[in-house]
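Secondary and tertiary structure notes
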Amino acid sequence: MKTYTTMYRNKKQIIEFIEKNELTSQNHLLIQVFTKEGKVRMSRLHSLLSIILPKSVIIGATIEASFNREIKQSGTVLSFTVFEQTRIKGTSVSLPNHKNPYDCGLEIGRRLVEKDTKAIILFGSSHTFDSRSVLDALEVQCPQVLIAGGNAVPLGPEQQEFLISGEGLIDAGMVAVSLSGEELSASLHACTEWSTAGRPFIVTEVNDRRILTLDHKPVSEIYEKYLGKKMLEHIESADSSFPLMVKQGHVTKPVMIKAFHEDGSITVINPIEIGTTVYIGCGDASIFLNTFNFIFDRLKGVTVEGLFMYSCLSRLRFFKKGIEHEMNTIKNLIPTTGAFTAGEFYQEDGKNEVLSYALTFLALAESESYIDEEDFKRATNASSEIKEILALSQLIKASTEDLEELHLSLKESEQRYKSLFEHNPDIVYSVDRKGTITSVNSTTEKILGFTTDEVIGRNAVEFMNEEDLNRVRDYFHLAMNNQPQHFTAVIKHKNGQNVLFEVANMPIIVNDEVVGIYGVAKNRTDQILAEEKISQLAYHDSLTGLPNRLFFHERLKHAIDVARHTSGLVAVMVVDLDEFKLINDSLGHQAGDRILKHVAKNMNGMISDDQFLARFAADEFLVLVPHADDLESVTALAHNLLSVIKKPVFLKGKEYVLSGSIGISLYPNDAIDDEKLLKHANLAMHRAKLIGRNSVQLFTDDMNDKINERLELENHLRKASQLDELEVYYQPQICMKTGEVFAFEALIRWKHTKRGMIPPNIFIPIAEETGLINEIGYWVLEEACSQTRKWHESGMEDISICVNVSGKQFQRVNFIDEVKTCLQNTGLQPSNLHIELTESIMLEDVEHSLWIINQLRALGVKISVDDFGTGYSSLSYLRDFPIDILKIDQSFIRNLEEYNSDAAIVRAIITMCEGLNVTVLAEGVETKEQLTTLKKFGCNQIQGYYISRPVEAEAIKNLNRKYSIV
C-alpha cells in the first residue's frame, strides 16, 4: 500500500504526476479529491481522471482544508492510494432520486459490503441530506464494518457544497467507497480536544434543537458577554470555534452549533433538554498537542502503512499552529492524507456516530508494518511559540476549574439553604429589625393555613396570642441584641384555632451587625400526635392492625391474674397458616401481605368483645379466651377460625384457598404462667401440623417428648451431610426382553450415628417441611450422576441413573439450572439421567410442570412417573405430558395373580402405555410368579427384591448384570 499526494494545478501537471508515479498500470487505485474550487473546474478534473485512470475509484467533497505536504486551505488536493490486493468499490446516492436517507444507507450497504469488507469511507452533504440516518442503516446492516469520512463544507457566500464520485458531481446526497480483502487490516480511532471555559449555565428554555435561553438569558447575549461583540460577529453558523459543551453525567461533550438566530437563540445538531448544564467550549492546546501521543498510543503494535484522517474544521480555525505541528509530525512518520470536514463519521463497538469538533483517523495496512518508537520520540518537539500557547491554555483551564469549584460551592450552599428552608417540616421565617416578616416557607400554609403572600410584610406579633405578646416582644429584643432565644408560644391558625409552638429565634449578623432574625417554629401539637402514634405502633402490628405479641402478653398476664383469684380457666390458641411460605415464594410478599390482611379481618370477625386476637409473627396468630370454663365453646371457636381461614382469596383472577393448624393450651391445667402457656399451645399446633394440618389439637403431656424427638431429628438432619451420614444406595432395573440391567434407581439412606438407619418416610417429610430437601435433593442428584459417570469409565457405558425429585425441589425456579450444572460438573450425558416424579407433583401446577418437563426433555433428560395408580391417576395427563417411563406402584404387584383385579389393572396400564408409546416398569417385584405374569402381560422393565435389594455403590461391581428371565 502506498499513497501519492499532489495539488491540482492544470491538466498537464496531473498527467505528468500520474505518469511519473506509474499510476496508469495500477488495478487497485483509490483517488480522494478534496477541493475548495468550483464545480466547473472539478467537472473537468473528473472527466480527465476518468479517461486517464478508468480502473480507479474516485471519491471527494468540498472541504475547509486538506493534508498535503502541508495544510492547504485553498485549491484542490488529490490523494492517490495504491493497494496491492485490496478490492475497492464505489457508489453514490443523490437527491431527488433517493428521498429516504435510511433506505439510501441500506442501498449503499447492499452495493458495497462483501464478506471481507473492512471499512467504508463516506462523504455526505449534511446541509441538504440526513447523513445520520444513513449511518443508522449501515449500523444495522453491517455493524462489523468501520465507517470513516465526514460531511462536506459549504463554500463561499452562496454556501455551495458538492460531492464527487465515479459517476460525477452530486449537489446533495452521499458518496461512498468500500475497502475489502483478507490481507487488509483496518482500525478506526477518534479524539477530541475541547474543554470548558468559564462558568456553567443551565438550559432554561428550549424547543427541540433550538436553545432559546441559558439562565433565562438569550444564548447570543451570553456568548457576546464572554467572547465580545466582534468575536460573535465572526462566529459562523455550523462551524463555531467555540462550541456548546454539554455535561452528561461525568462526561462533557461538544455539540455543534448549526446557526445563531436574530432572536438570540441558537440551533444545535442534537436535542438538549431543559435543566442540562452547559458551558462555552474552547480548544485545549495541551490536548491538541497531545493528539500525536494519543495517535501513537492507539497505533503502537498495530500494523499501519497509511492514515486517512478526517478532522473537524473548527480545530484548524481555533489552533492552526498547533494543528500544523500535529500534522507535520504525523506525516513524517506515516504517509497521511485527509481533510477538514463539517462533522466526522466514526464507529465504536458497532455504533456509528457523527462527531463534532473531533479528529478521526483510519489506519490501513496490507502487510506487517509498524511505527518505530524511536522515530516517534525524535518527532515530538514543540516550538517556543506553541509552548506559550500551552501556558495560556493551562491558565484558561485552571481559571475554569476555579470558577467551576466556586460555582459548585455557591450552588451547593444555595441548595442547602433552599432545602433547609423549603423542605423543613417546621415553619422557617425571617424578620427585619422592626419585626416585619421578610420570608416564610411553604410549611406555614400547611400548619397555619396562611399563604406566603398573606404573611410577608406583616408584623410577626399580629399572629401571636394576646397573652404571649409581652413575653414574645422581650424575646425579640434579646435576639436583636445577639442573644439567641428558645421559648414556647401560641400562634393563631387562620381558622382561629390556637396552636402551640416551640420557637427558636437566632440573630442574622451581616458585617458584625444584627440586621434581623431567623426563626424556626416547631408544632408541638404534631409531636403529641406522633407520641400517640408511637404508642400505637408499639402495641399493634403495622400490617394487619391487630394487637402485637407485646400487647398479647400484657393481656394474657392480666387474664391469668384474674383467673387466679376467680379459679377460672384461660385458653390460649396458636394459629398457624399451612404452607404460607409457598404462597410468599410463588406470588411474592406483596400478595402474601394482602392474604394475611384478608385472613386477619375474617378471623377478627369471629372474636367476641371479651376475647383477644393478635398477630404473633409472620403467618402465626394468637387468640386469648379469658373465660374458658366451657371447653366445647373454645374448640368450637377454633374450628370456626379454621373455617374462615379457608374462605377463598381472589388475586389477579385466580382463587387461592388456605388452611390452618391450631394448638390450644389451658390455664392452670397445662401451665400457670404466660410463657409456658404459649409454648405448650405452640407444641400442640405443631402436633396438628404433623397429623395432617387443618386441624385443632389440645396440649397433652406427651407432646413435649414427641416434639423434642422430632426437633432433635431435624437439628441432626441439618448436620447429616457434613457428618457423612447420608448415603446413596442403588437398586437395579432390568429389561424384560434381554434380562440385562439397564439402569439403577438412586435411593437416599440416613445412617444416624446413634440411632442407626432412619427410614426415608421419617426424615424426608422433615426435610421437606424445613426446606432441607432442596440441599439434600441436589446432593443426591450430583452424587448419583458422579457415580454413574465412574461406572461408564469402568466399562459400564450403557448404564443410566434414575433420581427421585421432591415436589418442592421440582417446583423451584432454578431447578433446570441445577440439573444443567450437575450434568456439566459430572460429565454425564443427559440421555443417561432419568428424573422420577410422582403424579401429585406434576398435577400440583400443570402449566409450570409441563414447562419444566419440556425444558428437561430439551436437554435430553428422560422423565419417569413413579408410584402410578396411587395418586390422582388421571389418564389425561399421560396424553398431555411428554413422559418416557411409567412405573406401576408395588401395591398392584404385591398380590398380583394372573386373573385377579390387580392383574386386570396392571394389564390395562400396560396396554394403555403401548398405545401412548410409553415404556412400563413394574416396581416391587419380589417373586418369580410376579415376574412371569408381568412378562406374559408385556411389561417392559422391572425392579424389586427378586432381582436385588438397594445396595451400596461398591456392591454394584459384584452384582449380576444379566438375569435369566423366564
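A count of helical and extended segments in the protein gives 31 helices and 47 strands. Looking at the protein residue by residue over its 966 residues, the buried ones come to 50%.

Our next topic: the pairing of strand β40 (residues 741–752). Within a regular strand, side chains alternate between the sheet's two faces. The element β40 is largely enclosed, with a buried count of 10 among its 12 residues. Relative to β40, strand β39 (residues 726–735) runs antiparallel, the two sharing 9 bridges. By the bridge assignment, E727 is partnered in β40 with R749. Bridge count between β40 and strand β42 (residues 800–804): 4 bridges; the pairing is parallel. Residue pairing for β42: A746 is matched across the bridge by V803. Across 3 bridges, β40 lies against strand β41 (residues 756–758) in antiparallel orientation.

Residue position: T303 is located in the loop between α7 (285–299) and β22 (306–312). A polar contact is formed between the side chain of T303 and the side chain of S185, at a distance of 2.9 Å. Excluding residues within four positions of it along the chain, T303 makes contact with S185, A365, S367, E368, S369 and Y370.

Our focus in this paragraph is the nonpolar core. The biggest cluster of nonpolar side chains holds 78 residues, and the ones touching the most others in it are Y730, F744, I801, L833, L856, L934 and I942. Broken down by element, the residue count for this core peaks at 9 residues, all from helix α23 (residues 772–793). The contacts of I942, once residues within four sequence positions are left out, are P732, Q733, I734, M736, L921, A922, V925, L931, L934 and I947. L546, A600, L613 and F621 belong to the second largest nonpolar core, which has 33 residues in total.

A separate point is the pattern of salt bridges. The tally for this structure, following the rule as stated, stands at 25 salt bridges. The salt bridge partner of R110 is E107, with a shortest N-O separation of 2.9 Å. Within this pair, R110 and its partner E107 are both found in helix α3 (residues 101–112), separated by 3 residues, close to a single helical turn. Exposure remark for E107: the relative accessible area of 22% places this residue in the partly exposed category. The partner of R857 in a salt bridge is D884, and the shortest N-O contact between them spans 2.4 Å. With a gap of 27 residues between them, R857 in helix α27 (residues 846–859) and D884 in the loop between α28 (875–880) and β45 (885–888) connect regions that are remote in the sequence. Residue R857 is classed as partly exposed on the basis of its relative accessible area, which comes to 35%. Relative accessible area serves as the criterion here: at 18%, D884 is assigned to the buried category. Salt bridges sharing partners connect three or more residues here, namely R87, K89, E114 and D116.

What follows deals with α27. Spanning 14 residues, α27 covers 20 Å between terminal C-alpha atoms, matching the ideal 20 Å at 1.5 Å per step. All buried positions along α27 are accounted for by S849, I852, I853 and L856. On an axial view of α27, the arc spanned by its buried residues comes to 100 degrees, and they lie on one face. For α27, the exposed residues lying more than 90 degrees away from the buried face are E847 and A858. Where α27 terminates, the next one or two residues include G860, which has phi positive at roughly 110 degrees.

Let's shift gears to the sheet that holds strand β34 (residues 620–625). On the basis of which strands lie adjacent, the open sheet formed by 5 strands has the order β33-β34-β32-β37-β38 and mixed pairing. Edge positions in the sheet fall to β33 (612–617) and β38 (696–698), since each of these pairs with one other strand and no more. Strand-to-strand twist in this sheet, taken as the mean axis angle between neighbours without regard to direction, amounts to 20 degrees. Pairing between strand β37 (residues 660–667) and β38: 3 bridges, direction parallel. By the bridge assignment for β38, I662 is matched with V696. With respect to the sheet, helix α18 (residues 589–604) is in contact with β32 (570–577), β33 and β34, its orientation differing from that of β33 by roughly 155 degrees.

With that settled, the discussion passes to the packing of helix α22 (residues 760–770) against α23. It is at 5 Å that the axes of α22 and α23 come closest, and there the two elements cross at 120 degrees. Between α22 and α23, the crossing angle belongs to the class labelled oblique. Contacts between α22 and α23 involve I764, A767, E768 and T770 from the former and L772, I773 and I776 from the latter. In terms of residue class, the contact of α22 with α23 is made up of 5 nonpolar, 1 polar and 1 charged.

Strand order in the open sheet made by the 6 strands is β1-β6-β2-β3-β10-β11, with mixed pairing throughout. Two strands in the sheet have a free side with no partner beyond their single neighbour: β1 (2–7) and β11 (168–170). Geometrically, the sheet is characterised by an average inter-axis angle of 15 degrees between neighbouring strands, direction not taken into account. In terms of strand pairing, β1 meets strand β6 (residues 76–82) through 6 bridges, oriented antiparallel. By the bridge assignment, Y4 is partnered in β6 with F80.

With that settled, consider helix α1 (residues 11–20). For α1, every residue scored as buried is listed here: Q13, I14, F17 and I18. With its buried residues spanning 130 degrees around the axis, α1 presents them on a single face. Away from its buried face, by an angle of more than 90 degrees, α1 presents the exposed residues K11, K12, E19 and K20. Packing partners of the buried residues in α1 comprise β1, α2 (39–52) and β6. The backbone nitrogen of K12 has a side-chain oxygen 3.2 Å away, supplied by the residue at the start of α1, namely N10. Just beyond α1, the residue with positive phi is E22, at close to 55 degrees.

About the criteria used
Each chain carries its own residue numbering, running from 1 in the direction its sequence is written. Reporting in this predicted model follows two pLDDT cut-offs: at least 70 for local features of residues, and 80 or more for side-chain atom pairs to be given and counted; totals over whole chains, interfaces and linings ignore these cut-offs and use all residues. To obtain the side-chain values, all non-hydrogen atoms of the structure were included, while hydrogens and water were left out. Strands are runs of DSSP state E lasting at least 2 residues, helices are runs of H or I lasting at least 4, and numbering of each runs from the N terminus. Note on exposure labels: buried denotes an accessible area under 20% of the residue type's maximum, exposed denotes more than 50%, and partly exposed covers the range between, all computed with a 1.4 Å probe on protein chains only. Paired strands are those between which DSSP finds at least two bridges. Polar contacts, as used here, are pairs of N or O atoms within 3.5 Å; protein pairs need one atom able to donate a hydrogen and one able to accept it. Residues neighboring in sequence count only if both atoms are side-chain atoms. Any two residues having at least one pair of non-hydrogen atoms within 4.5 Å are treated as being in contact. Residues enter a nonpolar core if they are buried and are Ala, Val, Leu, Ile, Met, Phe, Trp, Tyr or Cys, with the set joined through side-chain atoms within 4.5 Å. Put simply, a salt bridge is a Lys or Arg side-chain nitrogen that is within 4 Å of an Asp or Glu carboxyl oxygen. A helix is expected to reach a length of 1.5 Å times the quantity of its residues less one. Summarising the geometry, the arc corresponds to the directions from the helix axis toward the C-beta atoms. Structural elements are reduced to axes, namely lines fitted to C-alpha atoms, with helices fitted over the stretch in contact, and the angle between N-to-C directions of any two is expressed from 0 to 180 degrees. Throughout, the term roughly parallel applies to angles under 35 degrees, roughly antiparallel to angles over 145, roughly perpendicular to angles from 65 to 115, and oblique to all others. Basically, the charged four are Asp, Glu, Lys and Arg, the nonpolar ten are Ala, Val, Leu, Ile, Met, Phe, Trp, Tyr, Cys and Pro, and anything else, Gly included, counts as polar.

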